[in-house]
Every structure is written in structure tokens, then in C-alpha cells.
Amino acid sequence: MIKVNDNFCKLPAGYLFSEVARRIDAYRKSHPEAEIIRMGIGDVTCPICQAAVDAMHRAADDQLSVFTFHGYGPEQGYSFLREKIAEYDYKRRGISIGIDEIFISDGAKSDTGNIGDILSSDCKVAVTDPVYPVYVDTNVMSGRGGELIDDRWSRIEYLPCTAENDFIPALPVGNPDIIYLCYPNNPTGTTLTRDQLSEWVEYAIAHKALIMFDSAYEAYITSPDVPHSIYEIPGAEKVAIEFRSYSKTAGFTGLRCGYTVVPKALKGYDSTGAEVSLNALWNRRQCTKFNGASYIVQRAAEALYTPKGMKQVRETIDYYMRNAKVLREGLAEAGLQVFGGIDAPYIWIKTPGGMSSWDFFDLLLSKCNVAGTPGSGFGPSGEGYFRLTAFGRYENTVEAVERLKKLEF
Ligand code: PLP
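Since this is a predicted model, take the numbers as computed values, not measurements.

Trainee: Before we move on, could you go through the overall build of the protein and cite the residues and values that matter?
Mentor: If you tally the helices and strands in the protein, you get 13 helices and 17 strands. Its C-alpha atoms put the protein at 60 × 55 × 50 Å along the principal axes. In the protein, buried positions account for 54% of the 409 residues. Look at the contacts in the protein between residues 6 or more apart in sequence, and 72% of them connect residues 24 or more apart. Element-wise, carbon and sulfur atoms account for 53% of the exposed surface of the protein, whose accessible area totals about 18100 Å². Averaging the positions of the 43 positive and the 52 negative side-chain charges in the protein gives two centres separated by 3 Å.

Written out as C-alpha cells, the structure reads:
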């Protein structure tokens, strides 16, 4: 008999984006003339920069010659890229990270999803709410979810982030072993300051908890008091794993490349209470289950750290952040309460008049032909909110705002 992992069967069907697509399709069929502006799904629209594309051309040519051909690479990633990360993303910010603490991957979704492999299924998990759904679903798959009751998993602690608490989660009360923090945040577009993040590091040290720090949107930070890495906080190397991605930084959503930092100072405990290095466990996991990101892609990522690459990446981020400003200011003018969009490419809107997230979705689709993402899809505290992204084309973003302004909120 083929017995399956029951935990997978507990997960509700992938509802959010398929339901968004279904409603857009239905609207399109009944209104074929409508020019719908899609500002929902978080993919980027700008092409990959010239420096990275040139590097890929060169790397492709390397594969033509017996002298420069690359087959299997190191599971942890090539040192040419890990050295650049250690230097540019950490050392230049005053943080010391060794290259053997950096693991290159095919992106942050895989790593944030797979990291649970090295942790006990008994661990208790806390997530901020609303949340990037991968953290919750992968913990459910590993047996850490419990039962789904009223949109909440019984063994997961939800830390509400709403306008009432300025999107600053309160420290957990249920003594979680693993805490997921994502800053700048998807979906709310909000951040934690250095002082606020320090409280979490202190909490994790005091309670022997592990922080999974997802900084996929680090490149969008503009405020000086917002940390670029959790390792800016003293002691974080003993309690935190950090995830980064080139997807939103450099348009690598299709190319696929990211990395995870697992400091050597980070320790877990086995069932006998003996100390275990999480770095060693993650290395073992990667060597067994992963054969490395492709050589060509890692050369492209390396090129992002050249002066040309950095300048070109900056231009693209500025393009999206101009969209974010247009959205933030335009929607506020339209009478909406908006959050985020200063240090992140996401705009989080409070639905007017207590409207539900899905009702607001239907309203914008039918009255403005603008599609976004209902906040309730990101967790119970997302109800009553709505997400728009700044990843669209500038002209479409301006047009979407003009259409929204015509509605009276
Ligand atoms: N983490 C967060 C918070 C995200 O929003 C996303 C993508 O939307 C990812 C991780 C996944 O990034 P990647 O493309 O590197 O898998």
C-alpha cells in the first residue's frame, strides 16, 4: 500500500492565486474589451541587467571548451560568488560572515521551505500574520501545524501585524522554538527598525529560539534605521538564519538564485540534549539533496557585485520604487489608508468602510479593471487589507492610480 504523508492532505488547495486568476478570467470573458492591469502576483517586469546577461554569455562560452567547462559545482555554491557576498553584503556593512557560512541556492522559496528538514517536528513555530504562505505550509508538511481551525493551524502561533499595532508584532507568548520574520515584509511592505529587531534577537537568545530571517527585499531598504541584515544586531549569529534572494533584487525570478547564511555559532540540540551545529546539518542536507545552482546563473549573480552591475541593479530598484511612490501617494490622495512602499515594493491598503478583502478585489476589478491580491489570502490578520505591488510597468501603475482616484472612497 502506498501510504502518503498525511500532513500534505491537511493543506487546503492552493486557493489564493488560483482564485484570483479564476475571477480575472471570468471578468475578462464577460468584459472582453476591459484592459485589466494586473498588480497582484509578485513577479517582476524589468529585464535582467546588462552586466549579468554579459556574464551569462561568457559563462555559456566557458562550457564550449574542455579547459573551462564546468560540470557539477560545489553543493554550497562557487567560492567566486560566496566571496563577493561575504565582502559586499556583509563585510562592507561591518558584519563578519565566513564563506563557509554562506550556501548558494536556487532561491529563497526553496531554502525557507527546506530549512525545516534539519529541525525536529516537535518544534513549535511562530509566524507574523499576515505572512508569506511558504513558511506556514512547509511547517504543516513537516507535521508542525496541528489542525486547521478557523483559518489557523492549532500548533502555530500567529503574531498579528495590523494598523492597530503599526504592523509591529508583539513578542510571542507560547514559547516557540522557531520564529519566522520577514523584513522588509511581504505582504505589508512594512519594516522593523534596528531597535525593534534587537528586541527579537534578545528574546531569541533568552528563550533559546531560532529566528528564520527572510530578507528577500533587503535591496529596497531606504530608511537609515532599518537594518539590512539581522547580523547587524549583536548576538544574532547565535540565533538567526538569514535568507536572501536575487529574484527581486535583480530580476532573477526566472533565472533562480539566492543564498542562505547559517552561522557556525548557531547551535541546536539533539534528543539527548547534546549541542549540534546547524551549519553542519544544513551542509549535510544540501550535500545530500541539492547539487548546486547552475554555473551560468552563479556567474550572473557574481556580476551584480561589479560596479556596472551594482549601478544597473540600483536603476531597476529605483524604477520600482518610483512606482511604489506613485501608488502610495496616489492612493492616499484617493482617500485610502496605505502602508508600506517606502522600504519595500509592496503597498498594503486598508479596505475602505470595513469591506472584506475579496469584496474590495471585486470592486477594483469591476470598477477600475485593476487586479490586486486580497489580504485575507496571507493569513487571518490580512482580512480587511489588500496588496498591490510596485513591480509593474510605470505607465500601468500611473494609469491604475488614475482609475482608482475616480472611485469615491
Ligand atoms: N521570501 C519572500 C518573502 C518572498 O516574497 C518571495 C517571493 O515572492 C520569496 C522568498 C521567494 O524568492 P525566490 O524567488 O528567491 O524563491
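Trainee: Account for the sheet that holds strand 16 (residues 373-374), with residues named and values stated.
Mentor: The sheet built from 4 strands is open, its strands ordered 13-14-17-16 with antiparallel pairing. Looking along the sheet, the strands with just one partner apiece sit at the ends: strand 13 (337-340) and strand 16. Of the pairings in the sheet, the one linking strand 13 to strand 14 (residues 346-350) comprises 4 bridges and is antiparallel in character. The residue of strand 14 that forms the bridge with phenylalanine 339 is tryptophan 348.

Trainee: Can you break down the pairing of strand 6 (residues 156-160) residue by residue, with the values?
Mentor: Across the 5 residues that make up strand 6, a large majority, 4, are buried. Relative to strand 6, strand 3 (residues 125-129) runs parallel, the two being bridged by 5 bridges. Across the sheet, the residue bridging to alanine 126 is glutamate 157, located in strand 6.

Trainee: Talk me through the environment of glycine 375; I want residue IDs and the actual numbers.
Mentor: Mapped onto the elements of the fold, glycine 375 is located in the loop between strand 16 and strand 17 (385-389). Residue class for glycine 375 comes out buried when judged on its relative accessible area of 0%. A sequence separation of 17 residues divides glycine 375 from tryptophan 358, and the C-alpha atoms of the two residues are 8.3 Å apart. Leaving out residues up to four positions away in the same chain, glycine 375 has contacts with Trp348, Ser357, Gly382, Glu383, Tyr385 and Phe386.

Trainee: Explain the packing of aromatic side chains to me, using residue names and the numbers behind them.
Mentor: The tally for this structure, following the rule as stated, stands at 24 aromatic pairs. Centre to centre, the rings of tyrosine 320 and phenylalanine 391 are 5.1 Å apart; their planes meet at 85 degrees, and the pair counts as edge-to-face. One end of the pair, tyrosine 320, is in helix 11 (residues 307-333); the other, phenylalanine 391, is in the loop between strand 17 and helix 13 (394-405), with 71 residues separating them in the sequence. Note on accessibility: tyrosine 320 and phenylalanine 391 belong to one class, buried. Measuring from ring centre to ring centre gives 6.0 Å for tyrosine 346 and phenylalanine 391, while their planes differ by 90 degrees; the resulting arrangement is edge-to-face. Taken as a pair, tyrosine 346 in strand 14 and phenylalanine 391 in the loop between strand 17 and helix 13 lie far apart in primary sequence, 45 residues in all. Here a set of aromatic residues connected by ring pairs shows up, and it is made of Tyr88, Tyr90, Tyr231, Tyr246, Phe252, Tyr259 and Tyr305.

Trainee: Give me the lowdown on the site of the ligand, citing residues and values where you can.
Mentor: In the vicinity of the ligand, 14 residues are found, and the nearest of them are Asp214, Tyr217, Ser245, Ser247 and Arg256. Between an oxygen atom of the ligand and a side-chain N or O atom of serine 245, the distance comes to 2.6 Å. A distance of 2.5 Å is found between an oxygen atom of the ligand and a side-chain nitrogen or oxygen belonging to serine 247. Protein burial of the ligand: of its 400 Å² of free accessible surface, 91% is covered by the chains. Only helix 5 (108-114) and helix 8 (247-250) provide two or more residues apiece to the shell around the ligand.

Trainee: Account for the packing of helix 2 (residues 16-30) against helix 12 (residues 357-368), with residues named and values stated.
Mentor: Their axes nearest at 11 Å, the elements helix 2 and helix 12 cross at an angle of 35 degrees. At the point where helix 2 passes helix 12, the crossing takes the right-handed sense. Facing Leu16, Glu19, Val20, Arg23, Ile24 and Tyr27 of helix 2, the residues of helix 12 in contact are Trp358, Phe361, Asp362, Leu365 and Ser366. Looking at the contact of helix 2 with helix 12, its residues break down into 7 nonpolar, 1 polar and 3 charged.

Trainee: Summarise the layout of surface pockets; cite the residues concerned and give the values.
Mentor: Roughly 1400 Å³ of internal volume is contained in the largest pocket. Every residue lining the largest pocket is counted, 46 residues in all, and those nearest its centre are Phe17, Tyr132, Pro133, Val134 and Gly377. Listing elements by their share of the lining of the largest pocket, those giving two or more residues are helix 2, helix 5, helix 6 (133-141), strand 5 (152-153) and helix 8. At 6 residues, helix 6 tops the list of elements feeding residues into the lining of the largest pocket.

Trainee: Outline helix 12, supporting the account with residue identities and numerical values.
Mentor: Owing to its 3.6 residues per turn, the α-helix brings residues three or four apart onto one side. Helix length check: helix 12 (12 residues) gives 16 Å between terminal C-alpha atoms against 16 Å at 1.5 Å per residue, within 8%. Restricting attention to buried positions, one finds in helix 12 the residues Ser357, Trp358, Phe360, Phe361, Leu364, Leu365 and Cys368. Buried residues of helix 12, viewed axially, fall in a sector of 160 degrees; they line one side. Tucked into the core, helix 12 has its buried residues touching helix 2, strand 14, strand 15 (370-371), strand 16, strand 17 and helix 13. Immediately downstream of helix 12, the backbone of asparagine 369 shows phi near 55 degrees, a positive value.

Trainee: I'd like a rundown of the side chain of glutamine 286, residues and numbers included.
Mentor: One can find glutamine 286 in helix 9 (residues 278-289). There is a polar contact of 2.8 Å between the side chain of glutamine 286 and the side chain of arginine 285. In contact with glutamine 286, other than residues within four places in its own chain, are Glu75, Phe103 and Asp111.

Parameters and conventions
- Residues numbered from 1 in each chain as written.
- Predicted model: local features only at pLDDT ≥ 70, side-chain atom pairs only at ≥ 80, totals over all residues.
- Heavy atoms only, no water.
- Helix = DSSP H or I, 4+ residues; strand = E, 2+ residues; numbered from the N terminus.
- Buried < 20%, exposed > 50% of the residue type's maximum accessible area, 1.4 Å probe, protein only.
- Contact = heavy atoms within 4.5 Å.
- Areas by Shrake-Rupley, 256 points an atom, 1.4 Å probe, with all protein chains shown as cover.
- Lys, Arg positive; Asp, Glu negative; His and termini not counted.
- Charge placed at Lys NZ, Arg CZ, Asp CG, Glu CD.
- Pairing = 2+ DSSP bridges.
- Phe/Tyr/Trp six-rings, centres within 6.5 Å; stacked < 30°, edge-to-face > 60°.
- Near = heavy atom within 4 Å.
- Polar contact = N/O pair within 3.5 Å; in protein donor to acceptor, adjacent residues only side chain to side chain.
- Axes fitted to C-alpha atoms, helices over the stretch in contact; angles between N-to-C directions.
- Left-handed = near helix turned anticlockwise from the far one by under 90°.
- Nonpolar A, V, L, I, M, F, W, Y, C, P; charged D, E, K, R; others polar.
- 1 Å grid on protein atoms, 1.4 Å probe; cavity = no way out; pocket = protein on both sides within 12 Å on 5 of 7 lines; lining within 4 Å.
- Points joined across faces, edges and corners; volume = space filled by probe spheres on them.
- Expected span 1.5 Å × (residues − 1).
- Arc of directions from axis to C-beta.

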